[in-house]
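# Notes for the structure review
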Amino acid sequence: MKNLISTFLLILMTALAFGQNDNDLPHSTIYLIRTKSFMNSAVASYIQFENQQKFGLPVGGVVQYKIYSDGEISIGAEYIGGKTNYCNLNITRGNEYYVYLNLGKFSEVKKEDVLQILDKPKSFTKREENLDFPINRNSLKDIAKNDGKGQGTCFLISSNGYFITNFHCIENAKEITIKGIDGDFITKYGATVIASDRANDLALIKIINKNVKFENPPFAIRSNGVVQAEKVYALGFPQTETMGEEIKITEGIISAKSGAQGDVSKFQISAAINPGNSGGPLIDEDGNLIGVIYAKSAIADAAGYAIKSSYLETFLNNVDGFTMPILTNLIDDKSIPQKVEILKGFIFIIETN
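Residues numbered from 1 in each chain as written. Predicted model: local features only at pLDDT ≥ 70, side-chain atom pairs only at ≥ 80, totals over all residues. Heavy atoms only, no water.

### What about the overall build of the protein chain?
Across its full length, the protein chain holds 6 helices and 20 strands. The proportion of buried residues among the 353 residues of the protein chain is 53%. Accessible surface, the protein chain: about 15,900 Å² in total, of which carbon and sulfur atoms supply 46%. (Helix = DSSP H or I, 4+ residues; strand = E, 2+ residues; numbered from the N terminus. Buried < 20%, exposed > 50% of the residue type's maximum accessible area, 1.4 Å probe, protein only. Areas by Shrake-Rupley, 256 points an atom, 1.4 Å probe, with all protein chains shown as cover.)

Structure below.
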C-alpha cells in the first residue's frame, strides 16, 4: 500500500518541488454535457469518476473536467432511484472528449453534435481529477518529472558535504547544483546522487567540490515521541523565481501522525508549504529535525505532508560508505528567530537540469 501511495502522489510532489502547478502537467479535457430538456434528461443527479467525489450535472449544463490519468476510464451517470449508466472512454493525454447525457443515454459524441449547448450552456463549471486519489494511478507513472528540470530545497546532514532532499527533486536530473552556501546565491556547486529511496522519496546527495568546508548541522534528529497538535516549523525555498531567494519559514502543528490514506511514514502538517519547499527540513520548537517536507494536499488548503525522520534515519543507516554523524542539538536554548538565523546556514536551494 505504501508503494501505491508513493506512486499516485508522485505527480503532486513533482509539482511542489519544481515550481509547477497542475496546469503544467500533461492532461486531457472531458466535456460533460447534459441536454437542455429536463424531460429528456432522465433526471440524472450525479456524475462519478472512480476514486473521485460525485458532482452534479445540471440540465443544460456543461462541466469541463481536467483529467491527468489516461487509458480506459469509466464515467457513471447516477440517476435518482439508484440506477447508473456508464460511458467508457479510452483517454490519450492532450485530447478533448465530449460525453452527452440525453434521453437516459450517457455516451461519447463528437463536438459538433453538442455545439449548441457548448456555445450557450445554462451553467458552466470546471473540475479536475484529484491527484491525491487518482482515477488510474498506474497511468500517472510516466508523466512524473520526465524532463528532470526544477528547483527544490536541500539541507546539510553531514560536515563531509552530504545533503538530504526528496527523490523526486533529483529524479531524471542530468545535472544537480546547490546554491546558497555561505549566503552566496550566485555560485553553484555541482552535486552527485549517493543513494536514493524511491519508496520513501528520499535522496542523499554530495557536493563534488572538496574545497567547500562545512560543520555538522546544529540540530539533533528526533525520531520518536512526536505527538498530534505539537507545534512545528517548515523551512525552505518556495517559488524562488517569484518569492525570492531568502529562506522562508512557516509555522503549524502536527495535524495527524499519518499521511494520505493512513500512510504511517508521513506526518500531516498545517504549516504552509509551496512549490520549491520539497526536500526542506521540518523542525520542532526545540530545533530538532522531525521530518523532511514532502508534498501538499490537493484536497485541503491547510494540509501538507512530511516524511518522518525515523524513515530518514533508517535510509541513512543503510547507505553503503556513508557514516551517520552523531548530531547534537546546539540551538535548543535559542528563540525561534535565533534558531532560524542559525539553521539557514545549513539549508540550500537545489536546482536540476
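Resuming the write-up.
### With respect to the environment of Ser-270
Mapped onto the secondary structure, Ser-270 falls in the loop between strand 16 (266-269) and strand 17 (281-284). For the pair formed by Ser-270 and Lys-296, sequence separation is 26 residues and the distance between their alpha carbons is 9.8 Å. For Ser-270, the residues in contact, after removing those within four places along its chain, are Gly-252, Ile-253, Ser-255 and Ala-302. (Contact = heavy atoms within 4.5 Å.)

### Brief notes about the sheet that holds strand 1 (residues 28-34)
If you trace the 5 strands from one edge of the open sheet to the other, you get 7-6-1-3-8, paired in mixed fashion. Edge positions in the sheet fall to strand 7 (105-109) and strand 8 (123-128), since each has one partner strand and no second. In this sheet, neighbouring strand axes are inclined to one another by 20° on average, regardless of whether the strands run parallel or antiparallel. Looking at chain direction, strand 6 (residues 96-102) and strand 7 are connected through 5 bridges and run antiparallel. Looking across to strand 7, one finds that Val-99 is bridged to Glu-108. (Pairing = 2+ DSSP bridges. Axes fitted to C-alpha atoms, helices over the stretch in contact; angles between N-to-C directions.)

### Concerning the pattern of salt bridges
When the charged atoms of two side chains with opposite charge come close together, those side chains can pair. Scanning all chains against the criterion turns up 10 salt bridges. Taken together, the salt bridges that share partners define one network made up of Lys-179, Lys-188, Glu-245 and Glu-351. (Salt bridge = Lys/Arg side-chain N within 4 Å of Asp/Glu carboxyl O.)

### Here's the deal with the state of the cysteines
The final tally for this structure, using the stated rule, is 0 disulfides. Cys-154 takes part in no disulfide bond, and the closest cysteine sulfur to it belongs to Cys-169, at a distance of 8.7 Å. Taking relative accessible area as the criterion, Cys-154 reaches 0% and is therefore assigned buried. (Disulfide = S-S within 2.5 Å.)

### Some points on the nonpolar core
Among the nonpolar cores identified, the biggest contains 32 residues, and Phe-155, Ile-157, Ile-164, Leu-204, Leu-312, Phe-315 and Leu-316 are the most heavily contacted of them. The element that contributes the greatest number of residues to this core is strand 18 (residues 289-296), accounting for 4 residues. Core analysis: the next-biggest nonpolar cluster, separate from the first, contains 21 residues, Leu-32, Leu-57, Tyr-97 and Phe-106 among them. (Core = buried A, V, L, I, M, F, W, Y, C linked by side-chain atoms within 4.5 Å.)

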